[in-house]
Amino acid sequence: MSDGKMAILNGKGVTKVFGLGDKKTVAVDHVDFSFKKGEIISIVGESGSGKTTLFKMILGLINMTEGEMFFQEKPRDIKGYAKKREYWKNIQAIFQDPFSSFNMFTKIDSVLLDCINLSGGKNLSKKEKDEKMTEACSFVNLKYAELTNKYPFELSGGQMQRLMIARIFLLKPRILMADEPTSMIDACSRATILDMLLKLRDETDMTVVFITHDIGLAYYISDTVYIMEHGKFVEHGSAEEVIINPQAAYTKRLISDVPKIHEEWDLSTVS
Amino acid sequence: MGKKMLEVNNLKTKYVTRFHEDVYAVDDVSLSIEEGKSLGIAGESGCGKSTLALSLMGYYFAPLHYISGDIIVDGKNISGMKPDEVRKTILGNEIAYIPQAAMNALNPTQKIISFLGDVLQAHDIKLSKKDLLDMAAERFEALGLPKEVLQKHAVELSGGMKQRTVIAVSTILNPKVLIADEPSSALDVTSQKMVIKMMRELMEKGYIKSMIFITHELPLLYNVTDDIMVMYAGQIVERGSAKEMVFDPMHPYAKGLMESIIVPEAGTRDVKLKAIPGTPPNLKKPPEGCRFAERCRYAKPACYLIAPQMRDIGGGRMHRCMMGEERMKEVYSHE
């Protein structure tokens, strides 16, 4: 669908090897990808397939063993802390565990205030900053007045995850990486979080990359799906193509293992 | 009608916090399960699912306290028993319980076979080492687990294998009721399927007589259990067969839950997910009227004042909503 759109992040032969000699593990094995602007991408795989390693490499938290990445069609250069900081203005992340995403000694106002300062609002007046924070909180259906002077641990898991999204709303990065953002919250809060992310994408045209093992979620939210097995992409394409009409045996197995409600769930396929 | 394996009448339990405040986590819960049937319990986090599981066993220790109600396991009322007595006579051979992080409970310094030995010893069953091994091997093979597992330590097993081992060990005495609290939530889809298959086998081979399955994953419940019960703020709001509950929910909360189901099936992509706004009420001071009223799309002024009672509408279906069935049909059809 987004053929005409600009590629925001490309990867070529991205590889990560852990260990040496006999203990060598190839976690990510020469993968190529191309994320376009404004697209929602899901990377689906089981535990141990290397999706979190890839996630960390894209974020620049760990180095690649081999391969290249292109950010906005230019080779990505993140050597040194200053350049990394510059890169992180463009790419942000939401993690699986909302409880450990926040500094527990910092009040919520200052978390949001930091985001405003980082995104170039350092010289705004206090009133303007307050307005911005109120706007960000109301975007995620939180009341700013109720959050002031509170610490992160006073919120529920769903509220914290929404606060993470409020941060993203203030920072407006080009790419948002989300590592299983809904796996620790229950089904009805999940719908809220997903809707907010979709709304955020529509408003700011950011690219969202989901790392997940939930195929149902990938199908619902994404434009493009990459299926990962043992560090390699076995299949990729539009969500409709990959999930409704899978070609690779691995994808077929993954889909058959998910409980469904309109089709019979065949239990005989596992030993 | 089959024989009732577990019957619970108006069970009420509470937590007492360290500030001596009462939190009514299970409030007026009645349920029953017949022989050979399974019951699923669904609901948001914090709605009392896990507390209900603990309360059903009759095994109370601080901060959980029993207030009132009956728990009848296979004709025997266990609600007044002391914790020690419950542990000796009920747990393991009448009710088996698999808590959420069960697979992390395996002692890494012992072999799997010694856990089985411990279970038997705790119930004063004396078996020679060889008999124990034979019995265990037979049971494990019947459930599709290799008998080599018995001689291994927990660290040598994968997550899915550990979980299946825990289930096999805890059902070794053929309990009448198995209570499984999120047994497959921490596993990937393939291991989850193996766990589910094993639980089905337990039922089919008669090792357990009935099962309670707690999870918030509705597609899973739909495929595993005969009946589904939805809990909200410590109360049961609706009960019915799995099919009725998923495709034709009655209570507005149950309806909201069913609308948040995501499955990878053709056509489901275009259906917009609907979220339930707001958060569950504080159970220290539950609302006087309907507990769901504040978040309900269909709430009327009366809903805030009068607490609705559970209504049995026949065919094993019951719900706790003031709207009549006719009115529900009418309201829902306009959407």
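Residues numbered from 1 in each chain as written. Chains lettered and ligands numbered in written order. Predicted model: local features only at pLDDT ≥ 70, side-chain atom pairs only at ≥ 80, totals over all residues.

K.L.:
So what's going on with helix α4 (residues 126-139) of chain A? Which residues, and what values?
P.N.:
All names here are of chain A. Here α4 is 14 residues long and its end C-alpha atoms lie 20 Å apart, about the 20 Å a rise of 1.5 Å per residue gives. For α4, the set of buried residues is K132, M133, A136 and C137. Each buried residue of α4 sits inside an arc of 130° when the element is viewed along its axis, so together they form one side. With respect to the buried face of α4, the exposed residues turned more than 90 degrees away are K127, E128 and S138. (Helix = DSSP H or I, 4+ residues; strand = E, 2+ residues; numbered from the N terminus. Expected span 1.5 Å × (residues − 1). Buried ≥ 20, exposed ≤ 12 C-beta atoms within 10 Å, placed from the backbone. Arc of directions from axis to C-beta.)

K.L.:
Before we move on, could you go through the sheet that holds strand β7 (residues 175-179) of chain A and cite the residues and values that matter?
P.N.:
Residues and elements named next belong to chain A. The 6 strands lie next to each other as β6-β7-β8-β3-β9-β10, forming an open sheet whose pairing is mixed. Sheet topology places β6 (91-94) and β10 (232-238) at the edges, where each strand pairs with a single neighbour. The average angle at which neighbouring strand axes cross in this sheet is 20°, direction not considered. Taken together, the 4 bridges between strand β3 (residues 40-44) and strand β9 (residues 224-229) define a ladder with parallel strand orientation. Opposite S42, over in β9, you have V225 as the bridge partner. Strands in contact with helix α1 (residues 51-59) are β3, β6, β7, β8 (207-212) and β9; relative to β7, the strand with the most contacts, it is inclined by about 155°. (Pairing = 2+ DSSP bridges. Axes fitted to C-alpha atoms, helices over the stretch in contact; angles between N-to-C directions. Contact = placed C-beta atoms within 7 Å.)

K.L.:
Tell me what's going on with the sheet that holds strand β12 (residues 318-319) of chain B, and back it up with residues and numbers.
P.N.:
Residue and element names in this part refer to chain B. As summarised here, the arrangement of the 8 strands in space is β6-β7-β8-β3-β9-β10-β12-β11, forming an open sheet in which the pairing is mixed. Whereas interior strands pair on both sides, the edge strands pair on one side only; in this sheet they are β6 (95-98) and β11 (311-312). Note: β6 against strand β7 (residues 177-181), 4 bridges, orientation parallel. From the neighbouring strand, A96 faces β7, where its bridge partner is L178.

K.L.:
Can you tell me about the nonpolar core, naming the residues and giving the values?
P.N.:
Counting residues in each nonpolar core, the largest one holds 161 residues, and the members touching the most others are V209 of chain A together with I179 and V230 of chain B. Residue contributions to this core peak at 8 residues, all from helix α6 (residues 157-171) of chain A. Each of domain 1 (1-90 + 173-234) and domain 2 (100-167) of chain A accounts for three or more of the residues forming this core. Those residues within four positions of I179 of chain B in sequence are excluded, and the remaining contacts are A53, L56, M57, I95, Y97 and I212 of chain B. (Core = buried A, V, L, I, M, F, W, Y, C linked by C-beta atoms within 7 Å. Domains from an automatic or database assignment.)

K.L.:
Go over unusual backbone geometry with me, naming the residues and quoting the values.
P.N.:
Note that the residue after A62 of chain B, namely P63 of chain B, is joined by a cis bond; omega there is 5°. Mapped onto the secondary structure, P63 of chain B falls in the loop between α1 (49-56) and β4 (64-73). Positive phi, close to 50°, is recorded for Q72 of chain A, a residue that is not glycine. Along the chain, the position of Q72 of chain A falls in the loop between β4 (66-71) and β5 (74-75).

K.L.:
Pulling in residues and values, what's your account of the interface of chain A and chain B?
P.N.:
With 32 residues of chain A at the contact, the number on the chain B side is 32 residues. Elements with a contribution of two residues or more to the side of chain A that touches chain B: α7 (187-204), α8 (215-221), α9 (239-244) and α10 (249-256) of chain A. Looking at which element gives the most residues to the side of chain A that touches chain B, the answer is α7 of chain A, with 7 residues.

K.L.:
Outline the domain arrangement of chain A, supporting the account with residue identities and numerical values.
P.N.:
All names here are of chain A. Per the domain assignment, the segments making up chain A are domain 1 (1-90 + 173-234) and domain 2 (100-167). For domain 1 and domain 2, the distance between their C-alpha centroids amounts to 25 Å. Facing 8 residues of domain 1, the contacting portion of domain 2 comprises 6 residues. Per-class residue counts for the side of domain 1 that touches domain 2 are 7 nonpolar, 1 polar and no charged. (Nonpolar A, V, L, I, M, F, W, Y, C, P; charged D, E, K, R; others polar.)

K.L.:
Hey, could you go over the environment of L106 of chain B for me, with residue numbers and the actual values?
P.N.:
All names here are of chain B. As for its position among the elements, L106 is in the loop between β6 and α3 (112-122). In this structure the C-alpha to C-alpha distance between L106 and V155, which are 49 residues apart in sequence, comes to 8.9 Å. Those residues within four positions of L106 in sequence are excluded, and the remaining contacts are F115, A154, K162 and V166.

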